[in-house]
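Given next are the chains, with one letter for each unit.
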Amino acid sequence: MALYHDDDQAMLADSASQFMAEEGAIAKQLRHWRDCECKDGFGHELWKQFGEMGFAGMMVSEDDGGLGMGNVEAGIVLEEIGRNLTPSPFLTSSVMAGTALGHASADLKERWIPGLVSGEHVYAVALDEGPKHRPETIATKAERSGNGFRLSGSKDFVIHGASADMIIVAARTSGGNSDNDGITLFAVPKDSSGLSQDAVRLVDSSVATHLKLDGVELDGDAVIGEVDGGREVLNRMLHAGRVGAAAESVGVARGAMDLTVDYLKQRKQFGRLIGEFQALQHRAAHLYSEVEIARAAVLKAQQLLDAGSEQAELMVSVAKAKAGRTAGLAVREGVQMHGGIGMTDEYDIGLYMKRDRALSEFMGDAYYHAGRVAQLSGY
Amino acid sequence: MADLETFRNETRSWLEANCPEEMRQPVHDEDDVYWGGRNASFKSEAQKQWFEACVEKGYTVPAWPKEYGGGGLTAAEAKVLREEMGRINARPPLSSFGIWMLGPALLKFGTEEQKKHYLTEIARGEIRWCQGYSEPGSGSDLVSMQTFGEDAGDHWVVNGQKVWTSYADKADWIFCLVRTDKENKYQGISFLLFDMESEGVSTKPIKLISGNSPFCETFMDDVKVPKEQIVGEVNRGWDVAKYLLGHEREMISATGGGDRATSLGSAMSRQGELDAVLRAEMAMFDVDALAFTAMSEKFMDELKAGKGHPAQPNTLKYAGTELNKKRHELIMAAGGSRSLEWDSEESDGGKPARSWLRTKANSIEGGTSEIMLNVVAKRILELPGA
Ligand SMILES: Cc1cc2nc3c(=O)[nH]c(=O)nc-3n(C[C@H](O)[C@H](O)[C@H](O)COP(=O)(O)OP(=O)(O)OC[C@H]3O[C@@H](n4cnc5c(N)ncnc54)[C@H](O)[C@@H]3O)c2cc1C
Ligand SMILES: Cc1cc2nc3c(=O)[nH]c(=O)nc-3n(C[C@H](O)[C@H](O)[C@H](O)COP(=O)(O)OP(=O)(O)OC[C@H]3O[C@@H](n4cnc5c(N)ncnc54)[C@H](O)[C@@H]3O)c2cc1C
C-alpha cells in the first residue's frame, strides 16, 4: 500500500478541511465556548453537524449504521480538528468508544450506536487512575453482584466525562492491580446511581472529571467484550485513541507552524521582514522537516493498524511520541517567533501551546511512548 | 493486487534460491558491497554470485528499463522487491554513483545512444563513475566554479581543478561540471563525461579524519573531451547538475535510518547494559529513526506517483543525515572505551570510531545541512529573501 492518501481519502480531507475551517474555527468554537465558560467546553450543535457530515459514526461498521472507515480516515478529521483547535468529543466518542462498541453485544450496540452516529450522544472513556497515563495498572474493582456487577473505585482526568451520556470504564474483575488478565470493560450510563464526577477545567479550556464509582450496580449486559478478557478490547481502544491523538497533534503542529510562517512574512523589524533573518529561517525549516516526519509516522501507524499488522503497536507508539514532540516544538517556536504578541491572549498561537500541552498528555506522552518503543524492541 | 501478490511470491522464492546466506547481513562497511568498475574485485565468492544473479535479472537497477540492463519493474513491483530484500536483510548487489546519480540524470537528459551505452555499463557494474562538481573555491556556492572547457571544434580542451572527488582514484569515468561560457553564471556550465585515463587527468588522494583516503583532488590539464560526451545541451549543464543533486540527496538521506531492520537500542543493549539515561536517549532515537523511515517511504511512494514537493529531497537529506550522525554518537557512547580503539583486530581496524567520524561528512557532502535548510526555507516555506 502506498504511503499517501488515496483518492477517496484525499476527497475526505478536502471536505473535512473546509468544514472545520468554516464551522470549527477558533473564533467560532474554542474562544466562544471558553469565553462563556461553557460547562462542556464544546458545542453540541457542532457535534450534531459532525453527525450530519457522517464524521461522528465514521468508524462504526456499515452493518451497524456507520461508514465503516478506519484510523486513516478518522485521522484525516482529527488533523483538521487539530489545525483549527476545534473542541469536540470526536476522539473519545467516535474513535475510542466507537472502537470499543464495535466489540459489544448486539443489545449494547443498539442502545448506544445510533446516538453516536447522529451526534446526539457524547461518550467518554475512564481508564487512568492518576495524573499520568498508566493503563497497565487498574485498581478500580468490579465484583459480581446478583446477575450483574458492582463497581467501586475512582478514575482521573476523564475528558468530557461531565458531558457524556455513557462512559466506558475499565475495571478489574479478577487478579492483581497490574495483571494483564482480569480486566473487564463496562458501558456505564451517566445517571447510574453511585456515579459522581468532579469537573475540572484544564489549561486548554477542555473539561475533565475526577470520577467516583461508589458501588455502581450494573447489569451483566453492560459488559463490553469478555469478562476478565477486556484487555484485548482495551488495547484496541488505546491504539485507536493514541494514533488519533497523534493525528490531532500533527494538526496542532501544522496549525501553529502555518500561523508562524505567515507571521514571519508580515512582521518587520530592522527595516526587514523578520522572515529574512536566517536565524529564524533555519528554525522554521527544521520545524517543517519535523512536521513532515511526524505526518509520515502517523500515517504509517494508521495504515498498519487498519491492516491489522503486527507492527502496528510499535508504530502507534512511535507516532504518538513523534507527533507529541513535534507539536511541542511547533508551539514553542511559534510563541517565540511571534515575540511579545505571542504571549497575548488575543493571538491564537498561545491557544495552540495550551492545546498541545493537554493533547500530549492524553493517552500517554512522548516519554511513556518512547519507553514502550524500547520495551517492544526488547530493551 | 493479485498480480502483486504473485510477484511477491515469485520474488521471495527467487531470493531464497539466489541470495547467498552471507549476503543476508547488514552492511557494515563500504566494501561489504560491490562497487564495480574495470579494476574491481569481489570480496567473496558469495558477493560475486549474488551480483551475477542480479545482473542477469536486471536487479542491480530494478526500476530501469530492460533495454538498458534494468529489471523493468513498475514502481509497485520495485517496492515489493525492496520490501522482500529488506525482510531477509539482503545487501544491495551493486552500489555506485552511476546508479544513484548519473543513471537518473541520463534517463532524463541522455540521448538514446548514451542511455544504451552508459546505462548498460552501469547496470552491469562495468564502469565506475565519480562526480566532479566541487572546486577549492566553490563548495556550497557551486555555481561559481571555474574549471573551463575551451571550444576546439569537435572537442573541448578542459583545464582546472576539482576537489573532494570521492573515489576518483578508483573510478573509471567522471561526470564533470565544466564552464563553457565565462559570461553566463548559470547558463554557462556544461555537463561532460570523460575517461579518467584520458591524457591530462591526474588525481591526488586526500586523507580524512577517519584515516581513510576515499577522495581526491582531481586535476585537468588540457584534457580533450569529444563533443558527443555531453549530457544535455551546451551551457545547460546546470539543469542536469541540479536534477542529479536531487537524487544524490535522496541517496545520502537513505542512510539516515541506518540499518532499518533492527532497533539501535536493542542492538546496543545486547552488547552490554545501557545506563538509564542513555537507554532513554536510545529510545528517543528509535522513535526518530522509525518515524524517519516512514517519511522516506512516503517520499519514495509520492515520487513514483508524481506527488510531493520537488524540493522535498532537501528535507529528507537534512533530516536523514542529522539522524545518522546522532546514531553514531550513541553507538560510540554505548561502546565506551572499546569504541575508541583505532587499529585493533577486535575493533576490525577501528570500525566504530572511523564510521563515527565518517558520518560527520553526511551533513556536508552533497550540500550541507545549512544549505538544505536554506532551500527548504526558500522553496517550500517561501520565506522572503532566502
Ligand atoms: C511579558 C512581557 C512584558 C514586557 N514588558 C515590557 C515593559 O515593561 N516595557 C517595555 O518597553 N517592553 C516590554 N515588553 C516588550 C519586549 O521587550 C518585546 O516584546 C521584545 O523586545 C521583543 O519585541 P517584539 O515583541 O516586538 O518582537 P519582534 O522584535 O517583532 O520579534 C519577533 C521575533 O523575531 C525575532 N527577531 C527580531 N529581530 C531579529 C533579528 N535581527 N535576527 C533574528 N531574529 C530576530 C525575535 O527574536 C522574535 O523571535 C514586554 C514583553 C513581554 C512579553
Ligand atoms: C566525504 C565527502 C565526499 C564528497 N564527495 C564529493 C564528490 O564526490 N564530488 C564533489 O564534487 N564534491 C564532493 N564533496 C564536496 C561537498 O559537496 C562539499 O564539501 C560541500 O558542497 C560543501 O562545500 P565546502 O566544503 O566548500 O564548504 P563551504 O561551502 O565553504 O561551507 C562551510 C560552512 O559554511 C556554511 N555555509 C556556506 N554557505 C552558507 C549559506 N549560504 N548559509 C548558511 N551557511 C552556509 C556551510 O553549511 C558549512 O557549514 C564531498 C565532501 C565530503 C565531505
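This is a predicted model, so every value here is computed, not measured.

(A) Summary view of the overall build of chain A. In terms of helices and strands, chain A carries 11 helices and 10 strands. In terms of C-alpha radius of gyration, chain A reaches 21 Å, essentially the compact-globule figure of 21 Å for 379 residues. Across its three principal directions, the C-alpha atoms of chain A cover 80 × 50 × 40 Å. Per-residue burial over chain A gives 59% buried out of 379 residues. When contacts within chain A are restricted to residue pairs at least 6 apart in sequence, long-range pairs at least 24 apart make up 74% of them. Accessible area of chain A: about 15,000 Å², with a carbon and sulfur share of 47%. Chain A carries 37 positive and 54 negative side-chain charges, and their two centres are separated by 8 Å.

(B) Here's a closer look at the interface of chain B and chain A. With 40 residues of chain B in contact, the opposing surface of chain A contributes 40 residues. When the two sides are added together, the surface that chain B and chain A hide from each other amounts to roughly 3,300 Å², 69% of it contributed by carbon and sulfur. Of all residues in chain B, the largest losses of buried area upon contact with chain A belong to B:Met284, B:Lys298 and B:Leu381, amounting jointly to 17% of the total for that side. At the surface where chain B touches chain A, the tally comes to 2 salt bridges. With a shortest N-O distance of 2.9 Å, A:Lys300 and B:Glu297 are connected by a salt bridge. For the side of chain B that touches chain A, the leading source of residues is helix α8 (residues 276–304) of chain B, giving 16 residues. Among the residues forming the side of chain B that touches chain A, the class breakdown is 21 nonpolar, 8 polar and 11 charged.

(C) Looking closely at the packing of aromatic side chains. Counted by the stated rule, this structure contains 27 aromatic pairs over all chains. Between A:Phe50 and A:Phe90, the aromatic rings sit 5.9 Å apart at their centres with planes inclined by 50 degrees, giving tilted as the arrangement. With A:Phe50 in helix α3 (residues 44–53) and A:Phe90 in helix α5 (residues 90–101), this residue pair connects regions lying 40 residues apart in the sequence. For the pair shown, A:Phe50 and A:Phe90 are each scored as buried. Judged by centre distance (5.5 Å) and plane angle (55 degrees), the rings of B:Trp129 and B:Trp173 are tilted.

(D) Region of the structure containing the packing of α8(B) against helix α9 (residues 312–335) of chain B. All names here are of chain B. Remark: α8 packs on α9, axes separated minimally by 10 Å, with the N-to-C direction vectors making an angle of 155 degrees. Compared by their axis directions, α8 and α9 come out roughly antiparallel. For the crossing formed where α8 meets α9, the hand is left-handed. Contact with α8, carried on its side by Leu278, Glu281, Met282, Phe285, Asp288, Ala289, Phe292, Met295, Ser296 and Phe299, involves Gln312, Pro313, Thr315, Leu316, Ala319, Gly320, Leu323, Lys326, Arg327, Leu330, Ala333 and Ala334 of α9 and no other residues of that element. The residue inventory of the contact of α8 with α9, partitioned by class, reads 14 nonpolar, 4 polar and 4 charged.

(E) Just the site of ligand 1, in detail. Residue and element names in this part refer to chain A. As a structural note, the neighbourhood of ligand 1 is formed by Arg267, Gln269, Phe270, Ile274, Phe277, Leu280, Gln336, Met337, Gly339, Gly340 and Met343. Within the contact set of ligand 1, an oxygen atom lies 2.8 Å away from a backbone nitrogen or oxygen of glutamine 336. Glycine 340 is positioned with one of its backbone polar atoms (N or O) 2.6 Å from an oxygen atom of ligand 1. For ligand 1, whose accessible area on its own is 980 Å², the fraction buried by protein is 41%. Residues belonging to the shell around ligand 1 are distributed by class as follows: 6 nonpolar, 4 polar and 1 charged.

(F) Up close: the nonpolar core. Residues A:Phe50, A:Phe55 and A:Phe90 are the most contacted members of the largest nonpolar core, which totals 137 residues. Broken down by element, the residue count for this core peaks at 17 residues, all from helix α7 (residues 231–264) of chain A. When residues no more than four places from it in sequence are discounted, the contact partners of A:Phe50 are A:Phe19, A:Met20, A:Phe55, A:Ala56, A:Val77, A:Ile81, A:Ser88 and A:Phe90. B:Val33, B:Phe51, B:Met101 and B:Ile127 belong to the second largest nonpolar core, which has 40 residues in total.

(G) Looking closely at the pattern of salt bridges. In total, this model carries 51 salt bridges over all chains according to the counting rule given. A:Glu333 serves as the salt-bridge partner of A:Arg283, at 2.8 Å between the closest nitrogen and oxygen. Residue A:Arg283 is located in helix α8 (residues 278–306), and its partner A:Glu333 is located in helix α9 (residues 312–337); the two are separated by 50 residues in the primary sequence. A:Arg283 gets classed as partly exposed once you look at its relative accessible area, which sits at 32%. Several salt bridges converge on common partners, so that one network encompasses B:Glu5, B:Arg8, B:Arg12, B:Glu83, B:Glu84 and B:Arg87.

(H) Quick look at the pairing of strand β3 (residues 148–159) of chain A. All names here are of chain A. Where strand β2 (residues 141–145) lies against β3, 5 bridges are found, and the strand directions are antiparallel. Counted as the bridge partner of serine 145 is glycine 148 from β3. Between β2 and β3, which pair antiparallel one after the other, the connecting turn spans 2 residues, and glycine 146 there sits at a positive phi close to 60 degrees. Sheet topology places β3 next to strand β7 (residues 207–219); 10 bridges connect them, and they run antiparallel. Residue pairing across strands places leucine 151 opposite valine 216, the latter belonging to β7.

(I) Examining the domain arrangement of chain B more closely. All names here are of chain B. We note that the domain assignment places domain 1 (2–95), domain 2 (129–238) and domain 3 (257–380) within chain B. Taking only C-alpha atoms, the centre of domain 1 and the centre of domain 2 are 31 Å apart. Between domain 1 and domain 2, the contact holds 5 residues from the first and 5 residues from the second. The largest per-residue losses of area from domain 1 upon contact with domain 2 belong to Glu30, Trp35 and Arg38, which jointly make up 83% of the total buried on that side. In this structure, the salt-bridge partner of glutamate 197 is arginine 38, at a minimum N-O distance of 3.7 Å. Our enumeration of links across domain 1 and domain 2 arrives at 2 residue pairs in polar contact (both at pLDDT 80 or more). Partitioning the side of domain 1 that touches domain 2 into residue classes produces 1 nonpolar, 2 polar and 2 charged.

(J) Representation of the environment of A:Phe50 within the structure. Given the relative accessible area of 0%, A:Phe50 is considered buried. Sequence spacing of A:Phe50 and A:Leu314 is 264 residues, and the spatial spacing of their C-alpha atoms is 31 Å.

(K) Expanded view of the domain arrangement of chain A. Residue and element names in this part refer to chain A. Domain boundaries assigned for chain A yield domain 1 (7–121), domain 2 (125–228) and domain 3 (232–376). Placing a centre on the C-alpha atoms of domain 1 and another on those of domain 2 gives a separation of 23 Å. Tallying the contact residues gives 22 residues for domain 1 and 19 residues for domain 2. Taken over both partners, the interface formed by domain 1 and domain 2 buries close to 1,600 Å², and the fraction arising from carbon and sulfur atoms is 66%. Taken as a group, Thr92, Leu108 and Trp112 account for 28% of the area that domain 1 buries against domain 2, more than any other trio of residues on that side.

(L) Layout of the side chain of A:His133. All names here are of chain A. Relative to the assigned elements, histidine 133 resides in the loop between β1 (123–126) and β2. For histidine 133, a relative accessible area of 4% puts it in the buried group. Engagement of the side chain of histidine 133 in a polar contact is seen with the side chain of aspartate 128, the distance being 3.1 Å. At 2.9 Å, the side chain of histidine 133 and the side chain of arginine 242 are in polar contact.

The rules behind each value
- Residues numbered from 1 in each chain as written.
- Chains lettered and ligands numbered in written order.
- Predicted model: local features only at pLDDT ≥ 70, side-chain atom pairs only at ≥ 80, totals over all residues.
- Heavy atoms only, no water.
- Helix = DSSP H or I, 4+ residues; strand = E, 2+ residues; numbered from the N terminus.
- Rg over C-alpha atoms; globule rule 2.2 N^0.38 Å.
- Buried < 20%, exposed > 50% of the residue type's maximum accessible area, 1.4 Å probe, protein only.
- Contact = heavy atoms within 4.5 Å.
- Areas by Shrake-Rupley, 256 points an atom, 1.4 Å probe, with all protein chains shown as cover.
- Lys, Arg positive; Asp, Glu negative; His and termini not counted.
- Charge placed at Lys NZ, Arg CZ, Asp CG, Glu CD.
- Buried area = accessible area lost by both parts, 1.4 Å probe.
- Salt bridge = Lys/Arg side-chain N within 4 Å of Asp/Glu carboxyl O.
- Nonpolar A, V, L, I, M, F, W, Y, C, P; charged D, E, K, R; others polar.
- Phe/Tyr/Trp six-rings, centres within 6.5 Å; stacked < 30°, edge-to-face > 60°.
- Axes fitted to C-alpha atoms, helices over the stretch in contact; angles between N-to-C directions.
- Parallel < 35°, antiparallel > 145°, perpendicular 65-115°, else oblique.
- Left-handed = near helix turned anticlockwise from the far one by under 90°.
- Near = heavy atom within 4 Å.
- Polar contact = N/O pair within 3.5 Å; in protein donor to acceptor, adjacent residues only side chain to side chain.
- Core = buried A, V, L, I, M, F, W, Y, C linked by side-chain atoms within 4.5 Å.
- Pairing = 2+ DSSP bridges.
- Domains from an automatic or database assignment.

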